[in-house]
There are 2 protein chains.
Amino acid sequence: MQSGCRRGRGLGWWHGHIRGYGYRMTAQREAVLEIMTKTREHLSAEDIYHQLHNLYPNIGLTTIYRTLELLVDTGLVYKFDFGDGRARYEISEGPDSPDHHHHLVCTCCGKITNYTDFIDKERKLLNETEMGLSKKFNFKITNHLIQFYGLCEKCNKDEK
Amino acid sequence: MQSGCRRGRGLGWWHGHIRGYGYRMTAQREAVLEIMTKTREHLSAEDIYHQLHNLYPNIGLTTIYRTLELLVDTGLVYKFDFGDGRARYEISEGPDSPDHHHHLVCTCCGKITNYTDFIDKERKLLNETEMGLSKKFNFKITNHLIQFYGLCEKCNKDEK
DNA sequence: ATGATAATGGAAATCATTATCAATAAGGAG
DNA sequence: CTCCTTATTGATAATGATTTCCATTATCAT
Ligand SMILES: [Mn+2]
Ligand SMILES: [Mn+2]
Ligand SMILES: [Zn+2]
Ligand SMILES: [Zn+2]
């Protein structure tokens, strides 16, 4: 329907997004997005770097960092700190998408678990809270972070 | 009332806590706790280091880091990552204390705002959620992190 | 196809946090 | 209170993730 639609020519849906911010589309950015959209893992910059080295032996780690920063800035990717000393990234469908989820972080082994359960109740409370906080502090909320810390099933057993 | 009470001899309430974990009480640990309990700011290790240098010109930054790690491990202090590249610390009264609060983080200027509003509703939802998640994932939750990101009043204005 | 300029990648620089290790001090035993 | 074991400290070096630089390359509007 939209005249600008370029589907069917091998272009990812993200081209328009990137270009819309005035950035150029490059093979490296394509490659990083390709990986990010195909995994549910929480990859570090170096994880991505290693995965790409097969396909692009000359890609630089610096470029991975730069690309991730761009993707975070334009809202395509979330950046997380799970406490293991390196940033971790995950594709983002935005805080209102049905795939939006939060995390359980095992403080023992570092395992990360996605959960979408209870998100509906959460969403309701979050909306109220965001509205109240915006009003009280004149703070314009754009996003939120929720994480639960504790022991995963395995670590909880080993604990005993 | 309690026979073990040591008030009135210059000992902080935290002595028993630290000793209870088998750690020795030192002037340095005392000093760090003294600062942490007297501020509502979110200090970095270096912040604390500088504040202490007047009183203890010989205290080492390494010791600050070690002490903070100890305090976090024993639950007296919370460690946060607000995205400015350094860890920030804050005294903890525990997730069930009336002083327990969450944060608004300005993504523009980095300003951190404590809020306790809506905590009651939050607590209710958190309890339900924690219970549900514990059951579904066999995950033993010990703590949680909630942060809202956006623009503070000042940055929102300047934005326009 | 051409040119202006944004993007890349290799290497060096940053900078918060850790590891080492000899010197010091806490606190239980006597 | 003194002694002794051993946790703790502090100076320094090491680590490691992320940035900065800058010459080379690639994108894309014209
Ligand atoms: Mn996730
Ligand atoms: Mn706070
Ligand atoms: Zn675990
Ligand atoms: Zn601000």
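As a reminder, the structure under discussion sits directly above these lines.
As a starting point, this report considers the structure included with it. Predicted, not measured: the structure shown is a model, and the values here were computed from it.

Moving on, we come to the sheet that holds strand E2 (residues 77-81) of chain B. Residue and element names in this part refer to chain B. Reading across from one edge, E1-E3-E2 is the order of the 3 strands in this open sheet, with antiparallel pairing throughout. At either margin of the open sheet sits one strand with a lone partner, and together these are strand E1 (43-44) and E2. Two strands pair when backbone bridges link them, and E1 and strand E3 (residues 87-91) are joined in this way by 2 bridges, in the antiparallel orientation. Each residue of the ladder has a partner; that of serine 44, found in E3, is arginine 88. Across the face of the sheet, helix H2 (residues 27-38) comes into contact with E1, E2 and E3 while running at roughly 80° to E3.

Position of histidine 53 of chain A among the secondary structure elements: in helix H3 (residues 45-53). Among the polar contacts made by the side chain of histidine 53 of chain A, one reaches the main-chain carbonyl oxygen of proline 57 of chain A at a distance of 3.3 Å.

Strand order across the open sheet formed by 6 strands is E4(A)-E3(A)-E5(A)-E6(B)-E4(B)-E5(B), with mixed pairing between neighbours. Each having just a single partner strand, strand E4 (112-115) of chain A together with strand E5 (112-115) of chain B make up the two edges of the open sheet. In this sheet, neighbouring strand axes are inclined to one another by 25° on average, regardless of whether the strands run parallel or antiparallel. By the bridge criterion, 4 bridges tie strand E3 (residues 102-106) of chain A to strand E5 (residues 140-151) of chain A in an arrangement that is parallel. Across the sheet, the residue bridging to histidine 103 of chain A is glutamine 147 of chain A, located in E5 of chain A. Contacting E3, E4 and E5 of chain A together with strand E4 (102-106), E5 and strand E6 (140-151) of chain B, helix H5 (residues 119-137) of chain A crosses the sheet at an angle of about 130° to E5 of chain A.

Here the focus is the protein's contact with DNA strand D. Taken together, 20 residues surround DNA strand D, and among them Arg19, Arg24 and Tyr65 of chain A together with Thr63 and Arg66 of chain B come closest. When the atoms of DNA strand D within 4 Å of the protein are grouped by moiety, sugar and phosphate amount to 71% of the total. Between DNA strand D and arginine 19 of chain A there is a distance of 2.6 Å, counted from a phosphate oxygen to a side-chain nitrogen or oxygen. Within the contact set of DNA strand D, a sugar or linking oxygen lies 3.0 Å away from a side-chain nitrogen or oxygen of glutamine 28 of chain B. Looking at the surface near DNA strand D residue by residue, the class counts come to 5 nonpolar, 8 polar and 7 charged.

Direction vectors running N to C along H5 of chain A and helix H5 (residues 119-137) of chain B enclose 165°, while the axes themselves pass 11 Å from each other. One finds that H5 of chain A runs roughly antiparallel with respect to H5 of chain B. Crossing geometry of H5 of chain A relative to H5 of chain B is assigned as left-handed. For the pair H5 of chain A and H5 of chain B, contact is made by Lys121, Glu122, Leu125, Glu128 and Thr129 of chain A and by Lys121, Glu122, Leu125, Glu128 and Thr129 of chain B, respectively. Of the residues that constitute the contact of H5 of chain A with H5 of chain B, the class distribution is 2 nonpolar, 2 polar and 6 charged.

All names here are of chain B. The coordination sphere of the zinc ion (ligand 4) contains the protein donors Cys106 (SG), Cys109 (SG), Cys152 (SG) and Cys155 (SG), at a distance range of 2.2 to 2.4 Å. Here the zinc ion (ligand 4) binds 4 donor atoms, and the angle range of 104 to 113° at the metal identifies the geometry as tetrahedral. One chain supplies every donor for the zinc ion (ligand 4), spaced along it as C-x2-C-x42-C-x2-C. With cysteine 109 in the loop between E4 and E5 and cysteine 155 in helix H6 (residues 153-159), this pair connects stretches of sequence that are 46 residues apart.

Residues and elements named next belong to chain A. Checked against the element boundaries, serine 92 lands in the loop between strand E2 (87-91) and E3. Serine 92 sits 21 residues away from leucine 71 along the chain, and the two C-alpha atoms are 9.5 Å apart. Beyond its immediate chain neighbours, meaning those up to four positions away, serine 92 contacts Gly75, Leu76, Val77 and Tyr78.

Rules used throughout
Residues numbered from 1 in each chain as written. Chains lettered and ligands numbered in written order. Predicted model: local features only at pLDDT ≥ 70, side-chain atom pairs only at ≥ 80, totals over all residues. Heavy atoms only, no water. Pairing = 2+ DSSP bridges. Helix = DSSP H or I, 4+ residues; strand = E, 2+ residues; numbered from the N terminus. Contact = heavy atoms within 4.5 Å. Axes fitted to C-alpha atoms, helices over the stretch in contact; angles between N-to-C directions. Polar contact = N/O pair within 3.5 Å; in protein donor to acceptor, adjacent residues only side chain to side chain. Near = heavy atom within 4 Å. Nonpolar A, V, L, I, M, F, W, Y, C, P; charged D, E, K, R; others polar. Parallel < 35°, antiparallel > 145°, perpendicular 65-115°, else oblique. Left-handed = near helix turned anticlockwise from the far one by under 90°. Donors = N, O, S within 2.8 Å, 3.2 Å for Na, K, Ca; no water. Tetrahedral: all angles 85-135°; square planar, octahedral: opposite > 155°, others 65-115°.

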